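Observations on chain architecture
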Amino acid sequence: MTEERRQELQSIVAEVVRSRFPGTEFPAIRLRPELDHDGDPVLVVEIFFRPEDEELRSSMGLAVELIRDMQDRLWAIGETRFPHPEFLRAADVRD
């Protein structure tokens, strides 16, 4: 995957995450291509949040809908890798 493609995909998943949780400020949303435990290509989406963000805490059960929204947008541009969101603490953001 080229850096340009990675940035395009990252932009899409960040837009999906932010639209699903409009009242939450995310310090970072990052995407990286990897292989899952079966060796299939996937997209790991790191979503950094602050534990005090009540909107996100009360909506964590909506991860299935978030994945569906990401997948729909990614498939629309020909990306077939499955997105795997990971919710991480903002304090863990590193450059």
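We now turn to the structure provided with this report. Everything numeric here is computed off the predicted structure, so don't read it as measured data. (Residues numbered from 1 in each chain as written. Predicted model: local features only at pLDDT ≥ 70, side-chain atom pairs only at ≥ 80, totals over all residues. Heavy atoms only, no water.)

1. Topic: the pattern of salt bridges
Put simply, the rule reads: Think of a salt bridge as a Lys or Arg side-chain nitrogen and an Asp or Glu carboxyl oxygen that are within 4 Å of each other.
Counted under the stated rule, the structure contains nine salt bridges. With its nearest N and O atoms 3.1 Å apart, the salt bridge here joins D69 to R68. Each of the salt bridges in this network shares a partner with another, and the network as a whole consists of R5, E8, E79 and R81.

2. As for helix 1 (residues 3–20)
Note the following rule: Each helix is a run of H or I in the DSSP string that is no shorter than four residues. Each strand is a run of E no shorter than two, and both are numbered from the N terminus. Helices are assigned an expected span. That span is 1.5 Å times one less than the residue count. Relative accessible area decides the class of each residue, using a 1.4 Å probe on protein chains only: under 20% of the type maximum gives buried, over 50% gives exposed, and in between gives partly exposed.
When the terminal C-alpha atoms of helix 1 are compared, their 26 Å separation across 18 residues agrees well with the 26 Å that a helix rising 1.5 Å per residue should span. Within the span of helix 1, buried status applies to R6, L9, I12, V13, A14, V16 and V17.

3. Observations concerning the environment of L66
Just so we agree on the cut-off: The criterion used for residue contact is that any of the two residues' heavy atoms lie within 4.5 Å.
Considering the arrangement of structural elements, one finds L66 in helix 3 (residues 63–76). When the C-alpha positions of L66 and P85 are compared, they lie 8.5 Å apart, and in sequence the two are 19 residues distant. Apart from the residues within four sequence positions on either side, L66 is in contact with V16, V17, R20, F21, I47 and F87.

4. Some points on the nonpolar core
One broad rule of soluble globular proteins: the nonpolar side chains tend to lie buried together. Applicable threshold: As used here, the term nonpolar core means buried Ala, Val, Leu, Ile, Met, Phe, Trp, Tyr and Cys residues forming a set that is joined through side-chain atoms within 4.5 Å.
Membership of the largest hydrophobic core comes to 17 residues, with the highest contact counts inside it found for V17, F26, V45, I47, L66 and M70. For this core, the secondary structure elements donating two or more residues are helix 1, strand 1 (28–35), strand 2 (41–49) and helix 3. Looking at this core, the element that brings in the most residues is helix 1, giving six residues. Setting aside residues up to four positions removed in sequence, M70 forms contacts with V13, V16, V17, V45, I47, P83 and P85.

5. Description of the environment of A14
Looking at the secondary structure, you find A14 in helix 1. Put simply, A14 and I47 are 33 residues apart on the chain and 8.5 Å apart in space, counted from C-alpha to C-alpha.

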